[in-house]
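# What the coordinates show
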Amino acid sequence: MKHTQILMGMTITVEVIDPSVTTDAIGDVFDYFRYVDEKFSTYKDTSEITRINEGEIPAGDESDDMKTVLSLCESTKHLTNGYFDIRTPANTLDPSGLVKGWAIWNAAKLLKKRGYQNFYIDAGGDIQTYGMNADGQPWRIGIRNPFNIGENVKIVTLAGDRGMATSGIYARGQHIYNPHDPVSRIDDIVSLTVIGPNVFEADRFATAAFAMGRNGIAFIEKLEGCEGYMIDSNGIAIFTPGFEQYSTVYA
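Quick summary incoming for the structure in this document. (Residues numbered from 1 in each chain as written. Predicted model: local features only at pLDDT ≥ 70, side-chain atom pairs only at ≥ 80, totals over all residues. Heavy atoms only, no water.)

## Overview of the pairing of strand β1 (residues 2–7)
- With six bridges joining them, β1 and strand β2 (residues 10–16) adopt antiparallel strand pairing. Among the inter-strand pairings, threonine 4 is bridged to a residue of β2, identified as threonine 13.
- Hairpin geometry of β1 and β2 is characterised by an intervening segment of two residues between the two adjacent antiparallel strands and by a positive phi of about 55° at methionine 8. (Pairing = 2+ DSSP bridges. Helix = DSSP H or I, 4+ residues; strand = E, 2+ residues; numbered from the N terminus.)

Right, dumping it as structure tokens:
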């Protein structure tokens, strides 16, 4: 069973292979994404993060999920030497660089809790897989060509419980910045894909690594359980030594 909806400003697709899957189970996943959007969207006047930024909710009075996300953001900032920082140049909080992967991972847990063994969730190109696809094979995921998003430069295979996330400027323009030099554009790389033990880890570290520019791939190489694939502004791909274990088709 496969369903796609537009939520959180992006296309979200959920596919469950298990024959016991129900429409209610799929519906619960999309309901969860709606909940996350209502709480964390910086574009909604009524969201909790907007109310925090406007001073309507004082520190310490946040919801449990907000406290969890803010704590994870602070931890990620520490782990990335400050390259992941949710405080924007306008002095507001924007945790979206972590929330998407966190939400996908939590949505996958909802399906696991129901006992499903084979599925994937794709939200805006960030993906969590579990088990195998309908052919009993590892999930095949494309990495888009940032210079021509209608084609893939690489196909990777993800078996079991793995996550993949890509940060880049080809879809949304310059929306990622270096917190240590916020006025300078990141123009030496155009995309950076991370494969990790789950999509939460892949997403948060892809965001931070992209903010590091060309040095980001070296940061990913040092992360246990993570591999990376970077494309620079000249179209040259640089990847970590362990990335090839996932690669099936070369550009």
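## Comments concerning the packing of helix α1 (residues 23–40) against helix α4 (residues 96–113)
- Interhelical geometry of α1 versus α4 gives an angle of 155° and a closest axis separation of 10 Å. One way to sum up the angle between α1 and α4 is to call them roughly antiparallel. Relative to α4, the crossing made by α1 is right-handed. On the side of α1, the interface is formed by Ala25, Asp28, Val29, Tyr32, Phe33, Val36 and Phe40, while α4 contributes Val99, Trp102, Ala103, Ile104, Asn106, Ala107, Leu110 and Leu111.
- Tallied by class, residues from the contact of α1 with α4 come to 13 nonpolar, one polar and one charged. (Axes fitted to C-alpha atoms, helices over the stretch in contact; angles between N-to-C directions. Parallel < 35°, antiparallel > 145°, perpendicular 65-115°, else oblique. Left-handed = near helix turned anticlockwise from the far one by under 90°. Contact = heavy atoms within 4.5 Å. Nonpolar A, V, L, I, M, F, W, Y, C, P; charged D, E, K, R; others polar.)

## Considering the nonpolar core
- Ile12, Val14, Val16, Phe33, Trp102, Leu111 and Ile121 are the most contacted members of the largest nonpolar core, which has 38 residues in total.
- The set of elements that each furnish at least two residues to this core consists of β2, α1, α2 (48–53), α3 (64–79), α4, β3 (119–123) and α5 (199–211).
- The residues touching tryptophan 102, leaving out its near neighbours within four places in the chain, are Tyr32, Val36, Phe40, Asp65, Thr68, Val69, Leu72 and Phe200.
- Ranked by size, the runner-up nonpolar core spans 35 residues in total, among them Ile141, Met164, Val190 and Leu223. (Core = buried A, V, L, I, M, F, W, Y, C linked by side-chain atoms within 4.5 Å. Buried < 20%, exposed > 50% of the residue type's maximum accessible area, 1.4 Å probe, protein only.)

## Brief notes about the sheet that holds strand β8 (residues 189–196)
- Strand order in the open sheet formed by eight strands is β1-β2-β3-β4-β7-β8-β9-β10, and the pairing between neighbours is antiparallel. Single-partner strands in this sheet number two, and they are β1 and β10 (237–239). Averaged over neighbouring strand pairs, the angle between their axes works out to 10° when direction is ignored.

## Describing the packing of aromatic side chains
- On inspection of all chains with the given rule, the structure shows 10 aromatic pairs.
- Among the aromatic residues, those joined into a ring-pair cluster are Tyr32, Phe33 and Tyr35.
- Stacked on the ring of tryptophan 105, the Lys or Arg lysine 109 has its end atom at 3.9 Å from the ring centre.
- Across the ring face of phenylalanine 239, the terminal group of lysine 154 is positioned such that the distance to the ring centre comes to 5.9 Å. (Phe/Tyr/Trp six-rings, centres within 6.5 Å; stacked < 30°, edge-to-face > 60°. Lys NZ or Arg CZ within 6 Å of the ring centre and 35° of its normal.)

## Some words on the pattern of salt bridges
- Taken as a whole, this structure holds 11 salt bridges when the rule is applied.
- The residue aspartate 31 makes a salt bridge to arginine 34 at a minimum N-O spacing of 2.7 Å. You can see aspartate 31 and its partner arginine 34 sitting in helix α1, three residues apart, about one turn around the helix.
- Note on aspartate 31: relative accessible area 44%, which makes it partly exposed.
- We note a salt bridge from aspartate 85 to lysine 77, for which the minimum N-O separation is 3.6 Å.
- Residue classification places aspartate 85 among the partly exposed residues on the basis of a relative accessible area of 27%.
- By sharing partners, the salt bridges in this structure join Asp37, Glu38 and Lys44 into a single network. (Salt bridge = Lys/Arg side-chain N within 4 Å of Asp/Glu carboxyl O.)

## Comments concerning the side chain of aspartate 126
- Along the chain, aspartate 126 turns up in strand β4 (residues 126–130).
- You can call aspartate 126 buried: its relative accessible area is 1%.
- Within the local environment of aspartate 126, its side chain forms a polar contact with the side chain of lysine 100, the two groups lying 3.2 Å apart.
- Those residues within four positions of aspartate 126 in sequence are excluded, and the remaining contacts are Lys100, Ile104, Ile121, Met164, Ala165, Thr166, Val199 and Asp203. (Polar contact = N/O pair within 3.5 Å; in protein donor to acceptor, adjacent residues only side chain to side chain.)

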